[in-house]
Amino acid sequence: MYGIAVDIGATYTRVAIGDYSGTLLIKTLFETPKEGNEYSLAKEIYRHASTLIARLGIRREEIRGIGIGSIGPLNLREGAIVNTPNLPFKYIPLVQPLKKMFGIPTIILNDCSTAVVGEKHFGAGRGRDNLVYVTISTGIGGGAYVDGHLLIGKDGNAVEIGHMTVDPAGKIVCGCGRRGHWEAYSSGTGIPKLVKAYAERIENDWKESTLYRMVSGDINRVAARDVYEAAKNNDNFSVAIVWEAEKFNAIGFANIINIYDPSLITVGGSVALNNVEFVVSPLKELVKEYAINRVPEIIPTPLGEDAVLKGALALALNLEEVKKPRD
């Protein structure tokens, strides 16, 4: 038996076919539709999944189910994406259309909740009852198991860790419009905001920095990858930014440790995985300043960029029993 795994992002959607060993046998990628109508995404998933099934030469009756890890917000009761700022449609039904198209069970979860399911069944979290997955990428998100139970919440948003407040002064505005959120300081979109805040305070250091020359003095061109690249080349200004971001990471991870008390935290996302020495490696020591619970193992996810797809595969194969949200 096989499963269809889907990872829906704001820019791209990935579809894969996998088996019970956790192996992704074949996968593809397409741009997440921003034209057409609210059913365009489900139709594209169906088209690409059907192509993969045909290329593998397997029968439809050999497909156990479909698992979806998606950007949100989600309405888990109806199996739809709702009011997302990343797509032009206010309501994007997925579970019912795909269930009708394929005639097989279909389940959807928040992408980071899906990723922690992947970690639990196919990654470093096997055999762990208390596990948290954190992604530090364009944004910051998480998924968690506590005492063997996957945390979902009343709307499916139980582990929105990127929007916990790490700066009560609220110096930087998050993309959600609130102030002081973790994502506003340490994510791929947050670090350029941190650069602007620093540059206003220490203008001379900014203008003398390698980072300044990399973007030809245009601060609006700064991307997180530029900051880390400059820091790796010992640019003092960028090193200061990186360590300021890591201070907020330490606060965020300490909050996770204090709230969920995991035995393992795995870390994914492009910012973290491309800059392990600055983002992941220092955390074990830095969080001790803020955490009161025993500090767990904190490691990069062994699943790499496929954490969400692996979790979606576990959902498709019914390896994880997911209860419907309840108030």
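Our subject is the structure listed above.
The sections below set out a description of the structure shown in this document.

Reading guide: rules and limits
Residues numbered from 1 in each chain as written. Predicted model: local features only at pLDDT ≥ 70, side-chain atom pairs only at ≥ 80, totals over all residues. Heavy atoms only, no water. Pairing = 2+ DSSP bridges. Helix = DSSP H or I, 4+ residues; strand = E, 2+ residues; numbered from the N terminus. Contact = heavy atoms within 4.5 Å. Axes fitted to C-alpha atoms, helices over the stretch in contact; angles between N-to-C directions. Salt bridge = Lys/Arg side-chain N within 4 Å of Asp/Glu carboxyl O. Buried < 20%, exposed > 50% of the residue type's maximum accessible area, 1.4 Å probe, protein only. Parallel < 35°, antiparallel > 145°, perpendicular 65-115°, else oblique. Nonpolar A, V, L, I, M, F, W, Y, C, P; charged D, E, K, R; others polar.

Here the focus is the sheet that holds strand β12 (residues 264–268). Sheet architecture is open: five strands sit in the order β11-β10-β9-β12-β13, paired in mixed fashion. Either end of the sheet is taken by a strand with one partner, and the two such strands are β11 (149–150) and β13 (297–300). Pairing analysis gives six bridges linking strand β9 (residues 131–136) to strand β10 (residues 140–146), with the strands arranged antiparallel. Residue V134 lies in a different strand from β10, and its bridge partner there is G142. Sheet strands in contact with helix α9 (residues 236–260) are β9, β10, β12 and β13, and its direction is about 160 degrees off that of β9.

Right, let's get into the pattern of salt bridges. If the charged atoms of two oppositely charged side chains come close together, the side chains can form a pair. Going through the model one piece at a time under the given rule, you end up with 13 salt bridges. Put simply, R14 and D306 hold a salt bridge, and the shortest N to O gap is 3.0 Å. Here the residue R14 occupies a position in strand β2 (residues 12–18), and D306 occupies one in the loop between β13 and α13 (307–316), the gap between them amounting to 292 residues. For R14, a relative accessible area of 13% translates into the label buried. On the basis of relative accessibility, which here comes to 14%, the residue D306 falls in the buried class. For R59, the salt bridge identified is with E61, shortest N-O distance 3.1 Å. Counted as one network, the salt bridges with shared partners bring together D7, R14, K27, E305 and D306.

Right, let's talk about the pairing of β12 for a bit. With five of five residues buried, β12 lies mostly within the body of the structure. Burial of β12 is two-sided: the residues L264, T266 and G268 facing one way and the residues I265 and V267 facing the other way are all buried. Bridging between β9 and β12 involves five bridges; their strand directions are parallel. Each residue of the ladder has a partner; that of V134, found in β12, is V267. As paired strands, β12 and β13 are joined by four bridges and run parallel to one another. Among the inter-strand pairings, I265 is bridged to a residue of β13, identified as I298.

At a minimum axis separation of 8 Å, helix α5 (residues 190–201) and helix α8 (residues 224–232) run at an interaxial angle of 65 degrees. Viewed along their axes, α5 and α8 adopt a mutual orientation that is roughly perpendicular. Residues I191, P192 and V195 of α5 form the contact with α8, whose participating residues are A224, V227 and Y228. By residue class, the composition of the contact of α5 with α8 is six nonpolar, no polar and no charged.

This brings us to the pairing of strand β1 (residues 2–8). Both faces of the sheet carry side chains from a regular strand, because those side chains alternate between them. Extensive coverage of β1 is indicated by the burial of six of its seven residues. Both β1 and strand β4 (residues 63–70) contribute to a ladder of seven bridges, which runs parallel. Paired with G3 across the two strands is G65, which belongs to β4. Taken together, the six bridges between β1 and β2 define a ladder with antiparallel strand orientation. Across the sheet, I4 pairs through a bridge with I17, a residue of β2.

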